[in-house]
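# Per-entry structural report
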Amino acid sequence: MADAASGSTDKSVQVKLVLLGEAAVGKSSVVLRFVSDEFQPNKEPTIGAAFLTQKCRLEDRVLRYEIWDTAGQERFHSLAPMYYRNAQAAVVVYDITKASSLEKAKSWVKELQRQANPNIVIALAGNKLDLVQPSASSSGTPPTPGEAPSSSGGESESLRQVPREEAQAYATEAGLLFFETSAKTGEGIVEIFTEIAKKIPIEHILAATRGGAGRPGAAGGRAGNAQDAAVNLEENANKPKDACNC
Amino acid sequence: MSTISTALRNFKEPTKEQITQNFFSLPSIPVVIGKDAAGIDEEVEKMDINAVLSLGVEGEEDSYAGKLYLMAPYLAFSSLDKKSVRFTIPLSTVRRVERLNARAGIYALSLALWHGGKIIVQLTSLRPTADLFCALLRDALKIELQRGRMKTVKGFVKTCYSEVLISGSAPTPSDEKDEISATEASESSYLGGLGLRFKFPGDPKKLREVSKIKLWTTYLKTHGRNLTLLRYPQCTRLVQVGLPNRLRGEMWETLSGSLFLRYSNPGLYEQLLEQNAGRTTTSTEDIEKDLHRSLPEYAGYQSEEGIGALRRVLQAYSFKNPELGYCQAMNILAAAILIYMSEEQAFWLLEVLCDRLLPGYYAPSMHGTLLDQRVFESLVQRCLPIIHDHFQVVDVQLSVASLPWFLSLFINSMPMIFAFRIVDCFFCMGPKVLFQVGLAILKINGEKLLQIQDDGGFLNLMRDYFASLGDSAHPHSTDPRARAITRFQELLLVSFREFSVITDDLILSERKRFRNEIIHSIETFSKRSAVRNLRSLGRFTKEQAGLIYDALYQAMCVIPPPPAQLPPPALIHEGLEEKPETRIQLRTFQYFLSEIATWARDEKIVSNGFQQRVDRDVAEHEFIDRLFFFWDTSCCGALSFQDLVSGLDGVMFNDLMENIEWFFNLHDKNKDGFLTKDEVLTVSESFLFIFRFEVGDAYLGAVSRFMTNAFEYGDALLDDVDHKEILEGDEPGTPLPLPSNQPYLNLATFRMVVLADEILESFFETDLSASFRLDPVAELELPTSSSGLLGEFWSTIATDNNKKMFNMFTDEIGKTIGKHQVIHRPSIGRYKNLEEPKARESLLTPGMRHSTSKSSLRSSPSSSSLRPSSPSQSLTVEVPSSTNLKGPVSAVGFSPMVQAANAALLARPAFTIDDSKDDEDDDDDDTEVADNDDQVMDEVDAFLEAHDSGLTDADKEVAKDLLNAEPVK
């Protein structure tokens, strides 16, 4: 309680992030891995939405993610706007072993781009990477992403229904960050959140919260400017990386 | 891509009779098994009568005035205040009915019930009414006897734990060792849940199980049980302190009425599972995903036994109600109730939950959930305005927290032992409990809620509060008894005492108030996502696609498509197209097209001296069927929204040449680039169909010129081919008849023929595209879901039938006074009078005119028969724009009434945080008295409210007398 009330006074910036995607693609598991670095094979399905928070340090900035983990079943779809309104970031999750889940993800992206906050940063995450990777015992050299789909990859690779290239191409076209992840092994999870943190227009959020909460103050304003500069620098520094990444 | 449901449109407000049935927890539709032939005509009329109920044991309970209902095969009673006393009893448990010999003028019956209990009802209506009631009761009992239902009682009650409890073979209440007694008890045949094997949640000592069982045993002995339970105030109070674990399942069944479903449908559950064994549907797949995610921390769901039970119950329900299927949150409910009841019991309870107690909560659109959230918000606004205003200011949405409360009955919000106590009250007192508890939660946390700044803070606060429900509500009080009150007890007290204004009636009227708003927003939402999910918009804007959607939606309301079929276990599994997509059949398409294209409807402007109206019918013609299959690119005999959009895109934006080509392709069945001779005839038939209501002979002339020219050109071209063929052929000298599939006319020739005629040219240049109009056609309104006072009133007056009758009536009068007149509205209406445009100079050289085809002659008589035969021919048709019926206008007059009703609603006492200070003192008063067994009763007393029996002392005297009265011989 005290924390929530004082949240905006400390240095951290609150970022509202929403997770969307088909049922049972592992949205909750992705969050759980990020928030408490755990994995539960049997997560209770989310009713409505679950709410979690996690801080994320990026250079000198601390972002406090407020994560809304939504229910995936189709009929909960109409409730989703309640959760993604005002969101500054979204992670749309699909299951790389299920082609239909990417279709659903695409429709989420479409919806977000049209209905949500216009500056929303969207990341596409293909989860359950562990299912298509050769088990640790059988392979000493994990296939690099580039060669994985082309090489037959053995039995486990055949589970994959969404080629990495296809999803990557789509993400680039739609202007999304793209990752393949495994909530089970933890691969790629933290990266989603740090990359989002880099891409988020923090100065917007600061301005908005200052304006919204009605907290005037020269000191705050000055600090904001300084942060703007820092962030801009950061974004510039990341440009080449972003360009190749998404 | 998506499914479009019109189900919400069909919602009807419950009738008075249905409300009564719901109140008494009766199955909404009498389920007849194996329809015995005599069953239907033997239905006994329903009747209610004023009565005074007394329990056949002196001194045990007061007498209550109320109403006795005969709703065969049930008998039900409710006291006047609708909450103190009530019962619902299957007639088959009535063993003996006697007319009592009492004071003059008093008409009383004594009913002996299966459990040996006796109730006395004094019928206080007029004598003839009472006589009629008795006669009906006798008939109804006779039918039950004939059906052999009386004999089924004995076997059925054996499945109820209460019987074991009463007979004393149950584990003695003093025996604290549950485990041992559990194995003992399982030998008898009563049904129980997983809790018997895997333990019930909570500490039995803390829950004071023993005392509770003792109290219930006493109550059930004197007031009947399971099928014959009489609910006196004591019953409600005992429920409010929490049901004992072993009895909980059965009491849930009894209180919710699911017991009656199980009683009247023996074996149905097993049957459902058997018939559908091995079937997989979207629902079963969804269920499978969630089985291991339902109360996973409970031991029972870590075993195959628990998982299996959960799977079967959820699957059985999805088979029984495929339209609803399975919705996440149902798994949590099912898992929770399976702890306390057997699979069959849980199945029926789930049915009652989804069907009656939480209507529409789990439906594919979840409209019930959204509606009740809206209702809850409005109640918060009314009862806790300060909190509501604060939420508005900081833009916090109530539903982010409250939606899961309602959807899972608090089970995954609170610690289970507390949630189950709310569920107890919910089954006993109805859905209003959810609203009462919800309001109480907000009120208790009022101070802190005013501090929160965002959704996150709200959720955290609620989470902390729920985690502390077991703590003392007054930890710093000097009074040890006050300190003993937990926050949960405080919550229930606030819920039922301060929010007793929240009644079932209020909830019903609030739902009514907001239903249309919710339906509208759901429809808007699904429209938006349907448009968004189109693979291609073509050249349409989103708004235009929305209009196409509207037309499609309207068509589906009128002619619903068959339920979306799951693709059969496909041999070629696409993987992508898993979800069933809404597709419409030809019939619906015809209606859809009649909304869009002027020539696809028959519009008659009828004037009869009283009114002028437009009668509209859907046209049927091969041309429309042709279009249907032309647009059905996936060849599945049904069109999706996308097909319609693409199809319309293919014609609405065309220029002259494109239109001609489109029309050509439409008629070129085998797509070889040639029309056959038959197809040329079909083309002209299509023309005639489209032009059927045009004024004057211009269009007829154009069509016949088209045919003449087409056949001349065709033959001319064919001659070349023929000559070749004849040279090679075997039958020289007999060029006719041509095989019907012989390519005859190619696009270039077709184009030339069409362009030879001014009328056809203008038709293809502008008129064809313009005949498709997306703007909704006025006047024909949707079957609106009746809303509020106005809607209800309107729906009773202005049903379609009434309107038709009114129209017919005025037509008849119009005919007799000679003012009846019918004018067909033309589809194109370019030429408004008879002046015939001149045919163009023929393109054909005189030399080519020699061979007028025989077939062109053949068609001319048929075309003349299509000539509009109405007297309208001589008239200039002014298309009337204001043809709306007068009906809706008169409805405006009701709005003052609506306003008055709203004002009355708002005038109810508002409960705000501020004016409830004095209640806390009450809490303290309630918590006096001693320890041990009585402690439970303390809590019971805390809920004690004045129960008005509705009787004067004299009445009570009479009622008392009856206890000792002798039966009439």
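Residues numbered from 1 in each chain as written. Chains lettered and ligands numbered in written order. Predicted model: local features only at pLDDT ≥ 70, side-chain atom pairs only at ≥ 80, totals over all residues.

By the naming in an unreviewed UniProt entry, chain B is Rab-GTPase-TBC domain-containing protein, taken from Lentinula guzmanii.

The name that an unreviewed UniProt entry assigns to chain A is GTP-binding protein ypt5, with the source organism given as Lentinula guzmanii.

### Describing helix 9 (residues 245-256) of chain B
All names here are of chain B. Let me state the cut-off plainly: The helix and strand labels rest on DSSP assignments: H or I over at least four residues marks a helix, E over at least two residues marks a strand, and numbering proceeds from the N terminus. In a helix, the anticipated span is given by 1.5 Å times the number of residues less one. The burial label depends on the number of other C-beta atoms within 10 Å of a residue's C-beta. Counts of 20 or more mean buried, 12 or fewer mean exposed, and intermediate counts mean partly exposed, with C-beta atoms placed from the backbone.
Its twelve residues place the ends of helix 9 17 Å apart at the C-alpha level, agreeing with the 16 Å of an ideal helix rising 1.5 Å per residue. For helix 9, the tally of buried residues reaches twelve of twelve residues, placing the bulk of the element in the interior. Buried residues of helix 9: Asn245, Arg246, Leu247, Arg248, Gly249, Glu250, Met251, Trp252, Glu253, Thr254, Leu255 and Ser256, and no others. Taken from the residues just after helix 9, glycine 257 is the one with a positive phi, measuring 85°.

### Considerations on the UniProt feature "domain: Rab-GAP TBC" (unreviewed entry) in chain B
For the record, the criterion: UniProt positions are given in the numbering used here, feature names are shortened, and annotations may be inferred rather than shown by experiment.
Per the UniProt record, the feature "domain: Rab-GAP TBC" (unreviewed entry) sits at residues 242-430 of chain B. Secondary structure across residues 242-430 of chain B divides into 67% helix and 0% strand, with the first and last C-alpha atoms of the span separated by 15 Å.

### Things to note about the domain arrangement of chain B
Residues and elements named next belong to chain B. Filter applied, for reference: Source of the domain bounds: an automatic or database domain assignment. Two residues form a contact once the distance between their C-beta atoms, set from the backbone, is within 7 Å. Note on residue classes: Ala, Val, Leu, Ile, Met, Phe, Trp, Tyr, Cys and Pro are nonpolar, Asp, Glu, Lys and Arg are charged, and everything else, Gly too, is polar.
Looking at chain B, the domain boundaries give domain 1 (31-152), domain 2 (161-357), domain 3 (367-501 + 913-928) and domain 4 (655-771 + 832-878). Listed per partner, the contact involves 15 residues of domain 2 and 14 residues of domain 3. Where the side of domain 2 that touches domain 3 is concerned, the elements lending two or more residues are helix 8 (233-240), helix 9 and helix 14 (330-338). Of the residues in the side of domain 2 that touches domain 3, the class split is ten nonpolar, five polar and no charged.

### With respect to the interface of chain B and chain A
Chain B puts 38 residues into the contact, and the matching count from chain A is 28 residues. When contributions to the side of chain B that touches chain A are tallied by element, the ones reaching two or more residues are helix 12 (282-290), helix 18 (399-407), helix 22 (455-467) and helix 25 (504-532) of chain B. Among the elements that make up the side of chain B that touches chain A, the one with the highest residue count is helix 22 of chain B (six residues). Here the side of chain B that touches chain A is built from residues that sort into 14 nonpolar, 16 polar and eight charged.

### Quick look at the UniProt feature "domain: EF-hand" (unreviewed entry) in chain B
The feature "domain: EF-hand" (unreviewed entry), as annotated in UniProt, sits at residues 655-690 of chain B in this numbering. Counting secondary structure, residues 655-690 of chain B comes out at 72% helix and 8% strand; the distance between its end C-alpha atoms is 19 Å.

### Considerations on the packing of helix 2 (residues 27-36) of chain A against helix 7 (residues 189-199) of chain A
All names here are of chain A. Condition: The axes are straight lines fitted to the C-alpha atoms, using for helices just the contacting stretch, and the angles between their N-to-C directions are given from 0 to 180°. Note on terminology: angles under 35 degrees are roughly parallel, angles over 145 are roughly antiparallel, angles of 65 to 115 are roughly perpendicular, and the others are oblique.
With their axes 9 Å apart at the nearest point, helix 2 and helix 7 run at an angle of 80° to one another. One element, helix 2, and the other, helix 7, form an angle in the roughly perpendicular class. Residues Val30, Arg33 and Phe34 of helix 2 pack against Ile189, Val190 and Phe193 of helix 7. Looking at the contact of helix 2 with helix 7 residue by residue, the classes come out as five nonpolar, no polar and one charged.

### Some details on the environment of A:Pro134
In this fold, A:Pro134 is placed in the loop between strand 5 (121-127) and helix 5 (154-157). Spatially, the C-alpha atom of A:Pro134 lies 33 Å from that of A:Leu58, the residues being 76 residues apart in sequence.

### Examining the sheet that holds strand 1 (residues 13-21) of chain A
Residue and element names in this part refer to chain A. Where we set the bar: Note on pairing: DSSP must find at least two bridges between two strands before they are called paired.
Strand order in the open sheet made by the six strands is 2-3-1-4-5-6, with mixed pairing throughout. Two strands in the sheet have a free side with no partner beyond their single neighbour: strand 2 (49-58) and strand 6 (177-180). Looking at each pair of strands side by side, their axes are set apart by 25° on average, direction ignored. Looking at chain direction, strand 2 and strand 3 (residues 61-70) are connected through ten bridges and run antiparallel. Each residue of the ladder has a partner; that of phenylalanine 51, found in strand 3, is tryptophan 68. Packing of helix 4 (residues 99-115) onto the sheet brings it into contact with strand 1, strand 4 (89-95) and strand 5, and relative to strand 4 it is tilted by some 165°.

### Here we look at unusual backbone geometry
Residues and elements named next belong to chain B. Looking along the chain, the bond that leaves alanine 72 and enters proline 73 is cis, with omega of 5°. Here proline 73 lies in the loop between strand 2 (64-71) and strand 3 (74-79). Positive phi values are uncommon outside glycine, yet methionine 366 reaches one of about 55°. Topologically, methionine 366 is positioned in the loop between helix 15 (343-357) and helix 16 (367-383).

### Some words on the sheet that holds strand 7 (residues 118-123) of chain B
Residue and element names in this part refer to chain B. Read from one edge to the other, the open sheet built from nine strands follows the order 8-4-3-2-1-7-6-5-16, with strand pairing classed as antiparallel. Two strands bound the open sheet, and with one partner strand each, they are strand 8 (230-231) and strand 16 (966-967). The pairing of strand 3 with strand 4 (residues 86-90) spans five bridges and is classified as antiparallel. Within the sheet, the bridge partner assigned to serine 78 lies in strand 4 and is arginine 86.

### Considerations on the pairing of strand 3 of chain B
All names here are of chain B. The buried count for strand 3 comes to six of six residues, which makes it a mostly enclosed element. Burial along strand 3 is two-sided: Tyr74, Ala76 and Ser78 facing one way and Leu75, Phe77 and Ser79 facing the other are all buried. When strand 2 meets strand 3, the two strands line up antiparallel, connected through six bridges. The residue of strand 3 that forms the bridge with leucine 68 is phenylalanine 77.

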